[in-house]
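# Descriptive analysis of the structure
Read off the chains here:
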Amino acid sequence: MERASGWQLLKRNRAALVALWVLVGMVVLSLVGPPILVSIFGDSARGYSEYDFAPPGTVAAPVDGERAQRYLFGTDISGRDLFYRVLMGARVSLLVGLAGAAVSLVLGTVYGVVSGFCGGKIDAFMMRVVDILYSIPRLLFLMIFIAAFGKRFHDGLDGLRLAAQGRGWEDCAELLQALLPYSRIGLLIVALGLIEWLVMARIVRGQVLVLREMTFVKAARALGQTPFGIVRRHLLPNLATLILTYLTLTVPAVVLDESFLSFLGLGIENPAASWGSLLREGAEAWNVLDSHWWLLVFPAVFMSVTMLAFNFLGDGLRDAFDPKSSR
Amino acid sequence: MTRFVFNRLCSTIIVVFCVITVTFFLSRTQKGGAFESGKERPAHITEALEKKYGLDGTAFEQYARYLGNLARGDLGVSFRYRNRRVGEVIAQQLPVSLILGSVAFVIATCGGIVLGMIAAVGRNRWPDYLAMLFALLAISVPTFITGPLLIGYLSLRLGWFPPGGWLSPMSLVLPAICLAAPYVAYVARLMRNSMIEVLGADYVRTARAKGLTEGAIAARHALKAAILPVVAFLGPLAANLVTGSIVVESVFGLPGAGRIFVNGIQNSDTFLLCGIVVVYCLLIVFFNLVVDLLYGWLDPRIRIGNAHG
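Residues numbered from 1 in each chain as written. Chains lettered and ligands numbered in written order. Predicted model: local features only at pLDDT ≥ 70, side-chain atom pairs only at ≥ 80, totals over all residues.

## With respect to the overall build of chain A
As a reminder of what qualifies: What counts as a helix is a DSSP run of H or I of at least four residues, what counts as a strand is a run of E of at least two, and both are numbered from the N terminus. We call a residue exposed when 12 or fewer other C-beta atoms sit within 10 Å of its C-beta, buried when the count reaches 20 or more, and partly exposed for counts in between; the C-beta positions come from the backbone. With C-beta atoms placed from the backbone, a contact is any residue pair whose C-beta atoms sit within 7 Å.
The helix and strand tally for chain A stands at twelve helices and two strands. Taking all 327 residues of chain A together, the buried fraction comes to 43%. Contacts in chain A between residues at least 24 apart in sequence constitute 69% of all its contacts with a sequence separation of at least 6.

Pasting the structure below:
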């Protein structure tokens, strides 16, 4: 009864639907916003200017032929348009959040299915490992890891680029050249995916324990279906909505971790931006003498709204699809 | 019981050993080396430096030596804080982090339990909606947003609190609130859900039939049963507070262990990093042991020894 009405329950949840549209809007805005800004204002939208710390709404003096730049959200310490930077930061933060959550989805699901399906001693051991990992400060290791391998990863990519250039693969070299400033992002995606899979593994394992005792799974086993076939044909389809739910709740966790690292100066680096690194700049710019409040407030609003939307949507999905969550 | 503690101590030693190994090799692999200053240095001086800081020999020799020293309680020498032992540096900085963490811990558990109970007793009415809205906000807005905003408004604009540093008990207020806020929310949610479940139990119906008020039932009869998921969360909570205090300490400029950890990463201060991680992990693992014992005491149905999940 409950399973059938899951999507209906979700549709009746006004807050979750609003949250979904807010997220769609945020993604669309971050994708189409920067090119539109560039097409209106030309290159001044993304570059440096002499207007440092201009308050929101400042209009720059028109430069020959081009339209005068209007700084909707003000500018930062080197006169860059904050609106443009917040949107570019949204791209990075959302990309890391979604891709990192996808990594954790794969890891957590595989781990949970194996643990729940094997059962017995293996299950007990695997879950004990999850418990231990859950109660140590994983981000500390991640910080050391990134500090240790961030540069190596970058150098490795650079080496690949040179090798490609040496062989005359111009397209490949250009692509790698373009990717170079973003090497940190790739590292962050993998690393954060590697630490945020624990909740997913636990939930999936719990549900597999329930499912594998069900009659249809027993029937499949009796009919000679291989374990792999049972997982693929019977378990995964029944896990899909649960996985989707916890995926939605993992994304904000990864976004949070990424901004945590960027805020401490270990994540995304200038000139690339993420919400975390923008917040760091904002926090530094607010001092006793001057309050450049916009540098803190605008990234904070964007990030908070996104996080809220993800959590609202995730809670709505959980209420609709998680049999264990109580209403 | 003794067997349980013994088993747990064994697994503790394994965990700490893994933690040390991972931290040691991760922080050692950093490029640049600890003594590179851009200037050429005569070979014999480099050699002497390496010897002094325990960096001579292969990686495994260094690792073995480090483990040996660690077993004797010696955490090694810091690269950055020249001529100071890591043990000294940590002993000086850790109390600040511990005070901050304990205050936040108390706020998070007590505040969360009270808030969750209020929400559960008034469920699907305004106290519930209000409490859960607050919880969602507190979970969604991270510390590094609330921290700078609170400093900017309450400290710099209104001057109610010192904007940072470690001068008076007043300078603890904002950091502790910032650090605790998300976890107040987590605990409140856990508490609300388990409370609602318990409030539907038969013995609660009996209590209600006796004519007790909802509040009295919640506080006197349901609390002990409903608090179990919160107790299970205390271990991860401690780990999260450790991570969170790193940001809070750097936002508020507190002289705690979290801040020297960040500095240590930037300076590849291997032994300092290892030392901090080891001390933190020991604290957390010990704390988890206490929580497990507490859990068994609260719920005798759980046979200590094979409890997990």
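After that view, the rundown keeps rolling.
## Structural notes on helix α1 (residues 2–28) of chain B
Spelled out, the test is: By definition here, a helix of n residues has an expected span of 1.5 Å times n minus one.
An ideal rise of 1.5 Å per residue puts 39 Å on 27 residues; α1 of chain B measures up with 38 Å between its terminal C-alpha atoms. Restricting attention to buried positions, one finds in α1 of chain B the residues Val15, Val19, Thr23, Phe24, Leu26 and Ser27 of chain B. Looking at the buried residues of α1 of chain B, the elements they touch are α4 (120–134) and α5 (138–167) of chain A together with α3 (59–71) and α12 (270–298) of chain B.

## Section: the interface of chain A and chain B
What counts here: In this classification, Asp, Glu, Lys and Arg are treated as charged, Ala, Val, Leu, Ile, Met, Phe, Trp, Tyr, Cys and Pro as nonpolar, and every other residue, Gly included, as polar.
With 40 residues of chain A in contact, the opposing surface of chain B contributes 40 residues. Those elements that place two or more of their residues in the side of chain A that touches chain B are α4, α5, α10 (227–263), α11 (275–285) and α12 (293–321) of chain A. Across the side of chain A that touches chain B, the residue classes tally to 30 nonpolar, seven polar and three charged.

## Thoughts on the confidence of the model for chain B
The predicted structure's coordinates, where accompanied by low pLDDT, should not be read in detail. To be explicit about the condition: Across the chain, each position has a pLDDT score giving the predictor's confidence in that residue, from 0 to 100.
Averaged over all residues, the pLDDT of chain B is 79; the fraction at 70 or higher stands at 89%. Between the elements of chain B, mean pLDDT differs from a low of 70, seen in helix α2 (residues 43–52) of chain B, to a high of 87, seen in helix α4 (residues 86–121) of chain B.

## Describing the packing of helix α5 (residues 126–140) of chain B against helix α7 (residues 170–199) of chain B
All names here are of chain B. Selection criterion: For every element, the axis is a line fit to its C-alpha atoms; helices are fit only across the contacting stretch, and the angle between N-to-C directions ranges from 0 to 180 degrees. Angle categories are assigned with fixed cut-offs, so that under 35 degrees is roughly parallel, over 145 is roughly antiparallel, 65 to 115 is roughly perpendicular, and the rest are oblique. Each helix crossing is assigned a hand: it is left-handed if the near helix lies turned anticlockwise from the far helix by less than a right angle, otherwise right-handed if that turn is clockwise.
The N-to-C vectors of α5 and α7 enclose an angle of 135 degrees; their axes lie 8 Å apart at closest approach. If you check the angle between α5 and α7, you find them oblique. Note that α5 runs across α7; the crossing there is left-handed. Contact residues: α5 offers Ala131, Ala135, Ala138 and Ile139, while α7 offers Ala181, Pro182, Val184, Ala185, Tyr186, Ala188 and Arg189. Counted by class, the contact of α5 with α7 contains ten nonpolar, no polar and one charged residues.

## A word on helix α3 (residues 82–118) of chain A
With 37 residues, α3 of chain A should reach 54 Å at 1.5 Å per residue; the first-to-last C-alpha distance of 52 Å fits that figure. Just downstream of α3 of chain A, Gly119 of chain A is the residue with a positive phi angle, here 65 degrees.

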